[in-house]
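# Results of the structural survey
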Amino acid sequence: MFKEIDNINGKLVLSFGECSYQEVLDDFKNSNSIQIVTFNMDSDPYLKEKLDELNPEVELNLVSNIPNRYARYYYGWANQKAKKTIDTYFDIVNPENFDAKTSAHFNFKNHAKIIATDNIAYIGSANFTGGSRENFECGIIIKDKDVIQQIREEFIGEITDHSIRFYGTRLSSEKILVFKVLQQMNYIYEILHEQIYNQWDAPGGRKIEYVDGEYVDIDLLISLEEVLLDVKDLYKDIEYLNEVIDINIVQNIFKLLNKDGNVKRLAIFVNDKNSIFELIHNHPQSHDLDIAVEDAMNERNEMHNDLVWAAKDELALLDQEVLTLKSFIEECYNKVLSMEKDQSVIDNT
């Protein structure tokens, strides 16, 4: 792989005892997004303060190598040194330690140093460390926004694409949250599908499902609505789930569960144990209990059949939408597991 950007206008800078990319740091407050690609990082108070001052709406992308981390360790002391360094870097780049919208990555082949805002970029020898101020460092300062955009897309994008995303300690808690929702969705769908559909034996021993709707548990629908709210919270709070979940599915299910909709009306009716007694009580011949009960049962069955017929298509659609959402949640959980596996590669001690 080889990439180049030619005809660049900029100024060369040489520093010792000062920060080569001070102009970039000064522009942090004017930028909506900041890119930091470095070979190593440290807990320098001045640089940390610059990051801590970032507005919560600013997008911060961190990419770093980890010095002293190797593919193999042939001596115990090397393993211990690497473990200590890796733990330090986990703390330095942990997205939870920043107010800005932070994406942290590790790239074990990276030796590039690029610090860029929307308006100004530095490419040179200086790492994003306080120690770089104690060395002779040389680089170029670029203020051409078109070139900066190219650098971000073609250079930083290439490096980031070949990096391992680091989510910090929050990944474990997010896995638990997603798994909890997945368990609830599995439970709800299994029961809901059984309530919506029935089977009849077709010739040849085949089983064919058809919408029955004989009984739909109102409490189950309420539980489904509660899980939908949990899904919306996950979608809002966990950014990578946006890539997997189609939030329109959640809205579609909410619409199907509208209190004035056919599905909810059917569920309320079949769960209303008092309706039959009201029909008996209001029967013109309520003094003749046998006739009143028989007529009330017939009337209730007719009402039930009318509600099932009215809700038939919506019940089938509800079943399909819930199944689709369940598959989205399963995909989310598998994604979390995959990210957890990728992240485990970082600490190879």
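All values derive from a computational prediction rather than experimental measurement. (Residues numbered from 1 in each chain as written. Predicted model: local features only at pLDDT ≥ 70, side-chain atom pairs only at ≥ 80, totals over all residues. Heavy atoms only, no water.)

## Quick look at the environment of Glu57
Along the chain, the position of Glu57 falls in the loop between helix H2 (45–52) and strand S3 (59–64). For Glu57, a relative accessible area of 56% translates into the label exposed. For the pair Glu57 and Asn32, spaced 25 residues apart in sequence, the C-alpha separation works out to 7.4 Å. The residues contacting Glu57, other than those within four sequence positions of it, are Asn32 and Lys101. (Helix = DSSP H or I, 4+ residues; strand = E, 2+ residues; numbered from the N terminus. Buried < 20%, exposed > 50% of the residue type's maximum accessible area, 1.4 Å probe, protein only. Contact = heavy atoms within 4.5 Å.)

## Considering the pattern of salt bridges
All chains considered together, the criterion is met by 14 salt bridges. For Arg152, the salt bridge is made with Asp118, and the minimal N-O distance between the two is 3.5 Å. Here Asp118 lies in the loop between strand S5 (114–116) and strand S6 (121–124) and Arg152 lies in helix H4 (residues 145–161), a separation of 34 residues in the sequence. Classification of Arg152 as buried rests on a relative accessible area of 14%. Under the relative-accessibility criterion, Asp118 is labelled partly exposed at 24%. Of the charged contacts, one joins Lys259 and Asp260 as a salt bridge, the two residues approaching to 3.4 Å between their closest N and O atoms. (Salt bridge = Lys/Arg side-chain N within 4 Å of Asp/Glu carboxyl O.)

## Details of the nonpolar core
Val178, Leu224, Ile253, Leu318, Leu325 and Ile329 are the most contacted members of the largest nonpolar core, which totals 50 residues. Those elements that provide at least two residues to this core are helix H5 (170–196), helix H6 (218–237), helix H7 (247–256), helix H8 (262–270) and helix H10 (289–344). When residues in this core are grouped by element, the largest group, 13 residues, is from H10. What Ile253 contacts, discounting residues up to four positions off in sequence, is Leu224, Leu228, Leu318, Glu321, Val322 and Leu325. (Core = buried A, V, L, I, M, F, W, Y, C linked by side-chain atoms within 4.5 Å.)

## Describing H2
Residues of H2 that are buried include every one of Leu47, Lys50 and Leu51, and no others. Buried residues in H2, looked at end-on, bunch into an arc of 95°, giving them a common side. As for H2, its buried residues are in contact with helix H1 (22–26), strand S2 (33–38) and S3. (Arc of directions from axis to C-beta.)

## Description of the sheet that holds strand S1 (residues 11–15)
Ordered in space as S1-S7-S6-S5-S2-S3-S4-S8, the eight strands form an open sheet in which the pairing is mixed. The open sheet has two edge strands, S1 and strand S8 (164–166), and neither has a second partner. Across the sheet, the axes of successive neighbouring strands diverge by a mean angle of 20°, strand direction being ignored. Alignment of S2 against S3, held across six bridges, turns out to be parallel. What sits directly across from Gln35, in S3, is Asn61. Lying on the sheet, H4 is in contact with S2, S3, strand S4 (101–106), S5, S6 and strand S7 (137–142); it crosses S2 at an angle near 50°. (Pairing = 2+ DSSP bridges. Axes fitted to C-alpha atoms, helices over the stretch in contact; angles between N-to-C directions.)

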